[in-house]
Amino acid sequence: TGIDVYGSLKTVSRSDVNLIVTVNPKTKQILMTSIPRDCEIELHSNGKLDKLTHTGIFGVDCTVETVENYFGIDINYYVRVNFSSVENIVNALGGITVNNPVAFTASDGTYSYEAGDVYMDGAKALRFARERYNLGGGDRDRGKNQMRVITGIINKAISPSIITNYTSILDAVSGSFQTNMSNSEMTSLIKMQINDMSGWDIEQISVNGTGNGSAWSPANGFNSWVMEPNVNTVKRAVEVIKKVENGEDVKALAQQVMEENTADE
């Protein structure tokens, strides 16, 4: 989960980025499932319909439990970041390479992104992940770009030159994120990767929905634009998540789900 501010992670703010990341270390598969920030679902904190992004106002536990309840899944761990986190982590890794499918210029004029593999430092990666106005699919495409940035971070983090120097990298990003994963659990995963140095299959899918106009937001106390989730895309997402957990190869299925969602946009 990612909140929409710079500075301290203790700041209370909206949870604008929400990704379910399903990791199977035995099959070396990672599935990222993007959930649009404006999805109108029942918040765990008060049982009322509101935008997913507003769970962040009530804390990370509310975000996790709301997503668990809606998808009917268990979430073992969370990682909470903000704008500063992204910049710090990417810079600590020495920059990342992101595959960008369509060239565009950021709406604030700061960066232009060519199509193809693009090297990015922290500030450029953050701007890439935040852009929506100059993308054809708006917030949907922003969600896909956020997953592309995380893919770039993972690929760089598991590269031999970085992962074998993991203690200094962890020291460099200390305080840049919040998580309920223990240091021993993180170290165990890292050492597993060092032992075999094999690649990971990283797939991406998204939940989709339909703009539903303006609706009352209990968290805001006024009306806000909301998206009504497409229940079928939620069911499909859970289907793919379960297959990853069960050790099945989901590469073809994940691509099929993304094509289905794109056709509906």
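All of the points below concern the structure found in this document. Treat the numbers as computed from the prediction; the structure is a model and nothing was measured.

Let us look at a nonpolar patch on the surface. On the surface, a cluster of nonpolar side chains totalling about 260 Å² of accessible area is made up of Val-12, Ile-57 and Phe-58. The topology assignment puts Val-12 in the loop between strand S1 (2-3) and strand S2 (15-17). Taking relative accessible area as the criterion, Val-12 reaches 59% and is therefore assigned exposed.

Further remarks concern the packing of helix H8 (residues 231-245) against helix H9 (residues 251-264). Between H8 and H9, the least distance of the axes is 11 Å, while the angle of their chain directions is 170°. With respect to each other, H8 and H9 are oriented roughly antiparallel. Counting all contacts with H8, which are made through Thr-233, Arg-236, Glu-239, Val-240 and Lys-243, the residues of H9 involved are Leu-253, Gln-256, Val-257, Glu-260 and Asn-261. Residue composition of the contact of H8 with H9, grouped by class: three nonpolar, three polar and four charged.

It is worth spelling out the state of the cysteines at this point. Disulfides are covalent bonds that connect the sulfur atoms of two cysteines. A full pass over the atoms with the stated rule returns zero disulfides. Its sulfur unpaired, Cys-39 is 15 Å from the next cysteine sulfur, which belongs to Cys-62. Judged by relative accessible area, Cys-62 falls into the buried class, the value being 5%.

Our focus in this paragraph is helix H1 (residues 60-71). Spanning twelve residues, H1 covers 17 Å between terminal C-alpha atoms, matching the ideal 16 Å at 1.5 Å per step. Those residues of H1 not exposed but buried are Val-60, Cys-62, Thr-63, Val-64, Thr-66, Val-67, Glu-68 and Phe-71. Residues of H1 that are buried sit in contact with S2, strand S3 (19-24), strand S5 (40-42), strand S7 (79-80) and H8. Gly-72 lies just past H1 and shows a positive phi near 70°.

Rules used in this analysis
- Residues numbered from 1 in each chain as written.
- Predicted model: local features only at pLDDT ≥ 70, side-chain atom pairs only at ≥ 80, totals over all residues.
- Heavy atoms only, no water.
- Patch = residues over 30% accessible without salt bridge, like charges linked within 9 Å, V, L, I, M, F, W, Y side chains within 5 Å.
- Areas by Shrake-Rupley, 256 points an atom, 1.4 Å probe, with all protein chains shown as cover.
- Salt bridge = Lys/Arg side-chain N within 4 Å of Asp/Glu carboxyl O.
- Helix = DSSP H or I, 4+ residues; strand = E, 2+ residues; numbered from the N terminus.
- Buried < 20%, exposed > 50% of the residue type's maximum accessible area, 1.4 Å probe, protein only.
- Axes fitted to C-alpha atoms, helices over the stretch in contact; angles between N-to-C directions.
- Parallel < 35°, antiparallel > 145°, perpendicular 65-115°, else oblique.
- Contact = heavy atoms within 4.5 Å.
- Nonpolar A, V, L, I, M, F, W, Y, C, P; charged D, E, K, R; others polar.
- Disulfide = S-S within 2.5 Å.
- Expected span 1.5 Å × (residues − 1).

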